[in-house]
Amino acid sequence: MAFAHNSSSLYSLKSALSSYIRILVVVLLSIITLFPIYAVLVNSFKPNGEIFATPFALPAAPTLAAYVGILTKNADFWIFLTNSILVALGTIGINLLVSFMAALALSRLQFKGRTILYNYFIMGMLFPLSVAILPLYLQLRSLNLIGSLNGVVLSQVAFTIPMSVFILTGFFKEVPLELQEATQVDGGGIWTFGFKVLLPISGPVLSTVTILTFIQSWNQFLLPLLVLDNRKTFTIPLGVMQYQGQFTSGWNFIMAFITISMIPMVLFYLFLQKYIVSGLTAGAVKG
């Protein structure tokens, strides 16, 4: 009995120690993740000199001068914001439409080469953007899309479709076959099944795809840098670069610009966050 008691105590001690270690790891990772956001936020309320003197301390006398300067005295920010919104909406719309139809065919139709085609999409998730820069630029130039927001949208769609198809295909395969057969009995085809049966029940997974696409589009720097050559067409990430060049010593303006640019992305995520876990779980199945 004493041996059993000691074994139980030892197990409890190991379990408690394991829990403390997990909590410690989570706390450390949270600090590493949130510290850059904290630094950007607090420095956006400081004068430029205070940033260099105490970069990580709370502002001694918080000021909104940088925010007022960006929002009221420089129209470029609103141009960058509008361009980013247009690019994100275009990317999301095209990506959802193409990915939905592709995933519908790959998950519900039987045809020769389906597995090969699905694996082809999955390989796109492993394809690095840096490798595609030169051929992508040449292709966009041949289509006269250099300097156009349409060029950025189409480029981003090409790199968001693989992940979207992967997630949607996994979700659609989990839908019972009986629903498709019932649609066929009623005289409906694959598109009727897709848009009248699958679409209404795909809210969580479509929200997940939307969130991931929006975040990727909003933060994208390399593709807009490759395609856009006019300040009036720059997006938010390129706008940050321009502010850094314009205000060489004005780091408070840069910090304020970054803080403002994060707000739409955070709000968008908070609005749809309840769907992201269920959507990713639904898509995490074998193809």
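Only a predicted model underlies this, so the values are computations on that prediction, with no experimental measurement involved.

Basis of the calculations
Residues numbered from 1 in each chain as written. Predicted model: local features only at pLDDT ≥ 70, side-chain atom pairs only at ≥ 80, totals over all residues. Heavy atoms only, no water. Axes fitted to C-alpha atoms, helices over the stretch in contact; angles between N-to-C directions. Helix = DSSP H or I, 4+ residues; strand = E, 2+ residues; numbered from the N terminus. Parallel < 35°, antiparallel > 145°, perpendicular 65-115°, else oblique. Left-handed = near helix turned anticlockwise from the far one by under 90°. Contact = heavy atoms within 4.5 Å. Nonpolar A, V, L, I, M, F, W, Y, C, P; charged D, E, K, R; others polar. Expected span 1.5 Å × (residues − 1). Bend = angle between axes of the 7 residues up to and from the residue. Buried < 20%, exposed > 50% of the residue type's maximum accessible area, 1.4 Å probe, protein only. Phe/Tyr/Trp six-rings, centres within 6.5 Å; stacked < 30°, edge-to-face > 60°. Lys NZ or Arg CZ within 6 Å of the ring centre and 35° of its normal. Core = buried A, V, L, I, M, F, W, Y, C linked by side-chain atoms within 4.5 Å. 1 Å grid on protein atoms, 1.4 Å probe; cavity = no way out; pocket = protein on both sides within 12 Å on 5 of 7 lines; lining within 4 Å. Points joined across faces, edges and corners; volume = space filled by probe spheres on them.

Trainee: Account for the packing of helix 4 (residues 76-108) against helix 10 (residues 203-219), naming residues and giving values.
Mentor: Two numbers describe how helix 4 lies on helix 10: the axes approach to 9 Å, and their chain directions differ by 140°. The orientation of helix 4 with respect to helix 10, classified from their angle, is oblique. The handedness of the crossing between helix 4 and helix 10 is right-handed. Residue-level inspection shows Leu-81, Ser-84, Ile-85, Val-87, Ala-88, Thr-91, Ile-92, Asn-95, Leu-96 and Phe-100 of helix 4 in contact with helix 10, the latter providing Leu-206, Val-209, Thr-210, Thr-213, Phe-214, Ser-217 and Trp-218. Residues belonging to the contact of helix 4 with helix 10 are distributed by class as follows: 11 nonpolar, 6 polar and no charged.

Trainee: Break down helix 7 (residues 149-173) for me, with residues and values.
Mentor: Between the first and last C-alpha of helix 7 there are 35 Å, a value that for 25 residues agrees with the 36 Å anticipated at 1.5 Å per step. Considering bend angle alone, the principal kink of helix 7 is centred on Thr-160 and spans about 35°; proline Pro-162 follows within four residues of it. Buried residues dominate helix 7, accounting for 18 of its 25 residues.

Trainee: Tell me about unusual backbone geometry, and please be specific about residues and values.
Mentor: For Asn-144, which is not glycine, the phi torsion reads 60° and is therefore positive. Inspection of the secondary structure puts Asn-144 in the loop between helix 6 (133-142) and helix 7. According to the relative accessible area criterion, Asn-144 is exposed, its value standing at 66%.

Trainee: Got a sec to walk through the packing of aromatic side chains? Specific residues and values, please.
Mentor: Applying the stated criterion to the full structure yields 12 aromatic pairs. A centroid spacing of 5.2 Å and a plane angle of 45° characterise the contact between Phe-100 and Phe-195, whose relative ring orientation is tilted. Linking Phe-100 in helix 4 with Phe-195 in helix 9 (residues 190-198), this pair joins segments that are 95 residues apart in sequence. Among the residues examined, Phe-195 registers a relative accessible area of 37% and is labelled partly exposed. One cation-aromatic arrangement involves Lys-173 over Tyr-118; the distance from NZ or CZ to the ring centre is 5.1 Å.

Trainee: Any details on the nonpolar core? Residues and values, ideally.
Mentor: Membership of the largest hydrophobic core comes to 37 residues, with the highest contact counts inside it found for Phe-77, Leu-228, Ile-236 and Phe-257. With 8 residues, helix 4 is the single largest residue contributor to this core. Residues Leu-168, Phe-171, Ile-190 and Val-205 belong to the second largest nonpolar core, which totals 14 residues.

Trainee: How would you sum up the layout of surface pockets? Please name residues and give values.
Mentor: Empty space within the largest pocket amounts to approximately 400 Å³. Together, 14 residues line the largest pocket, and Tyr-120, Phe-127, Ser-155, Ala-158 and Phe-159 are the ones closest to its centre. Where the lining of the largest pocket is concerned, the elements lending two or more residues are helix 5 (114-124), helix 6 and helix 7. Broken down by element, the residue count for the lining of the largest pocket peaks at 5 residues, all from helix 7. For the lining of the largest pocket, the residue count by class is 11 nonpolar, 3 polar and no charged.

Trainee: Can you tell me about empty space enclosed by the protein, naming the residues and giving the values?
Mentor: Tallied over the entire structure, the rule returns 2 cavities of 30 Å³ or more. Its volume calculated, the largest cavity comes out at about 40 Å³. If you tally residues by element for the lining of the largest cavity, the top one is helix 4, at 3 residues. The class makeup of the residues in the lining of the largest cavity is 5 nonpolar, 5 polar and no charged. Its boundaries defined by the atoms lining it, the second largest cavity holds a volume of some 30 Å³. Forming the walls of the second largest cavity are Leu-129, Ile-133, Leu-136, Leu-222, Leu-223 and Leu-226.

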